[in-house]
Amino acid sequence: MKTFKITALSFLMIVLTSCKVSINTLPDQSATNSTQPLHNIALNGKVYSAVWQQNAGEFRALCYQAYNLAQIRVDENLKNPSKKPLAIITDIDETFLDNSPYAVTEAEKGNTFDTKSWMNWTSKGEAKAYPGSLNFFNYAASKKILVFYISNRDENDRIGTLKNLKDLGFPNADNEHLMLKGTSSDKEARRLEVLKNYEVIIYMGDNLADFSKIFTKKPQAERNDLVDRNAAEFGKRFIMLPNSGYGDWESALEGYNNQSTSTEKDQVFLRNLRGY
Ligand SMILES: [Mg+2]
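Okay, so let's go over this structure. (Residues numbered from 1 in each chain as written. Predicted model: local features only at pLDDT ≥ 70, side-chain atom pairs only at ≥ 80, totals over all residues. Heavy atoms only, no water.)

Digging into the overall build of the protein chain
For step 1, the next point in the chain: Helix and strand counts for the protein chain come out as 11 helices and 7 strands.
For step 2, the next point in the chain: Evaluated residue by residue, the protein chain yields a buried proportion of 45% over its 276 residues.
For step 3, the next point in the chain: Considering only contacts in the protein chain between residues 6 or more positions apart, those separated by 24 or more positions represent 77%. (Helix = DSSP H or I, 4+ residues; strand = E, 2+ residues; numbered from the N terminus. Buried < 20%, exposed > 50% of the residue type's maximum accessible area, 1.4 Å probe, protein only. Contact = heavy atoms within 4.5 Å.)

Structural notes on the environment of Lys143
For step 1, the next point in the chain: Structurally, Lys143 can be placed in the loop between α6 (133–142) and β4 (146–150).
For step 2, the next point in the chain: Looking at Lys143, the relative accessible area reads 37%, which means it is partly exposed.

Considering the side chain of Ser133
For step 1, the next point in the chain: Examined against the element boundaries, Ser133 turns out to sit in helix α6.
For step 2, the next point in the chain: A residue is classified by how much of its surface remains accessible, and Ser133, at 0% relative accessible area, is buried.
For step 3, the next point in the chain: A polar side-chain atom of Ser133 sits 2.6 Å from the main-chain carbonyl oxygen of Tyr130.
For step 4, the next point in the chain: Apart from residues lying up to four places away in sequence, Ser133 is in contact with Tyr67, Phe96 and Phe170. (Polar contact = N/O pair within 3.5 Å; in protein donor to acceptor, adjacent residues only side chain to side chain.)

Concerning the packing of helix α2 (residues 41–55) against helix α3 (residues 57–78)
For step 1, the next point in the chain: The geometry of α2 relative to α3 is characterised by a closest axis approach of 5 Å and an angle of 70° between their N-to-C directions. The angle between the axes of α2 and α3 places the two elements in the roughly perpendicular class. α3 is crossed by α2, and the crossing has right-handed handedness. Of the residues in α3, those touching α2 at Trp52, Gln53 and Asn55 are Gly57, Glu58, Phe59 and Leu62. (Axes fitted to C-alpha atoms, helices over the stretch in contact; angles between N-to-C directions. Parallel < 35°, antiparallel > 145°, perpendicular 65-115°, else oblique. Left-handed = near helix turned anticlockwise from the far one by under 90°.)

Things to note about unusual backbone geometry
For step 1, the next point in the chain: Not every positive phi belongs to a glycine, and Glu94 is a case in point at roughly 65°.
For step 2, the next point in the chain: Mapped onto the elements of the fold, Glu94 is located in the loop between β1 (86–90) and β2 (97–98).
For step 3, the next point in the chain: One non-glycine residue with positive phi stands out, namely Tyr256, at about 55°.
For step 4, the next point in the chain: Inspection of the secondary structure assignment puts Tyr256 in the loop between α10 (248–253) and α11 (262–271).

Examining the sheet that holds strand β6 (residues 199–205)
For step 1, the next point in the chain: Spatial ordering of the open sheet is given by β5-β4-β1-β6-β7, a layout of 5 strands whose pairing is parallel. Of all strands in the sheet, those with a lone pairing partner are β5 (178–179) and β7 (238–240), marking the two edges.
For step 2, the next point in the chain: Where β6 lies against β7, 3 bridges are found, and the strand directions are parallel. In the sheet register, Met204 faces β7, and the bridge partner there is Ile239.
For step 3, the next point in the chain: Running at roughly 175° to β6, α3 makes contact with β1, β6 and β7 of the sheet. (Pairing = 2+ DSSP bridges.)

Structural notes on the packing of aromatic side chains
For step 1, the next point in the chain: Taken as a whole and assessed by the stated rule, the structure comprises 20 aromatic pairs.
For step 2, the next point in the chain: For the pair Tyr102 and Trp118, a centre-to-centre distance of 5.1 Å together with 80° between the ring planes defines the contact as edge-to-face. Highlighted residues: Tyr102 in helix α4 (residues 100–108) and Trp118 in helix α5 (residues 115–124), separated in sequence by 16 residues.
For step 3, the next point in the chain: Relative accessible area serves as the criterion here: at 6%, Tyr102 is assigned to the buried category.
For step 4, the next point in the chain: Accessibility expressed as a relative area gives 10% for Trp118, which makes it buried.
For step 5, the next point in the chain: Ring centres of Phe215 and Phe234 lie 6.4 Å apart, and the angle between their planes is 50°; this geometry places the pair in the tilted category. On the criterion of sequence distance, the pair formed by Phe215 in the loop between β6 and α9 (220–229) and Phe234 in the loop between α9 and β7 is long-range, its members being 19 residues apart.
For step 6, the next point in the chain: Assessed through its relative accessible area of 1%, Phe215 is described here as buried.
For step 7, the next point in the chain: According to the relative accessible area criterion, Phe234 is partly exposed, its value standing at 24%.
For step 8, the next point in the chain: These aromatic residues form a ring-pair network of at least three members: Tyr67, Phe96, Phe136, Phe137, Tyr149 and Phe170. (Phe/Tyr/Trp six-rings, centres within 6.5 Å; stacked < 30°, edge-to-face > 60°.)

A short note on the coordination of the magnesium ion
For step 1, the next point in the chain: Bound to the magnesium ion are the protein donor atoms Asp91 (OD), Asp93 (O) and Asp206 (OD), situated 2.1 Å from the metal.
For step 2, the next point in the chain: Motif for the magnesium ion, donor spacing along one chain: D-x1-D-x112-D. Across the pair, Asp93 and Asp91 agree in class, each one buried. (Donors = N, O, S within 2.8 Å, 3.2 Å for Na, K, Ca; no water.)

A word on the side chain of Ser117
For step 1, the next point in the chain: Position of Ser117 relative to the elements: it lies in helix α5.
For step 2, the next point in the chain: For Ser117, the side chain forms a polar contact with the side chain of Glu106, separated by 3.3 Å.
For step 3, the next point in the chain: Apart from the residues within four sequence positions on either side, Ser117 is in contact with Tyr102 and Glu106.

Right, dumping it as structure tokens:
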């Protein structure tokens, strides 16, 4: 693993250096063709993100910042009368479980993501928790606030996911509170199910669609516009955790074309970069 880290970092430096050259030629992106050597931004971006996630104190600080803020919001909400029991809805991956080891191991093989290797990773139930997350969720539980885990992991990931949550000591780690993808990745129906019986005080996620249906499958520019128009909700009802490795932002750039090759992905990324 250590050898790979060094190799990956060296390669990344080469990629970033060559990327700088490419950015400088951006106005002529129409001339780009698929026979050029790949800069492999998609794949190596995931490695770079994992380097940050696994090593940067700044990453840890952002996690603490989000979870400290969530606790402040919990305390505020506890002062308000509510007709229904209180609940928190949270995503799992890159909201409090760190899957960067999966990204690293797949990158070593030249892959980004596939269902089979993902299940191999989740079935181990060995993901570590984001800094601050375990304390926060147990604090909420100590205040009689229920935690609902709404995740787009598959049903096939259920056993490994519950093992992971239980082993780490997260509250409400049971079938009733773990709401997986089923037939739809749209989380709205699952949110509404919780809202029937509970007052949801905060939503936690690393992906805009974790918070509200208004963000689901929206084009890139519209996503950004919606974030601007809902700026006051972030840090209030919506608590965002850092994940620079993947998310709907990638899919939105590609027009939600999940069949893109890595060459096509790179071309999309290059077209959406600004130099000066
Ligand atoms: Mg997530």
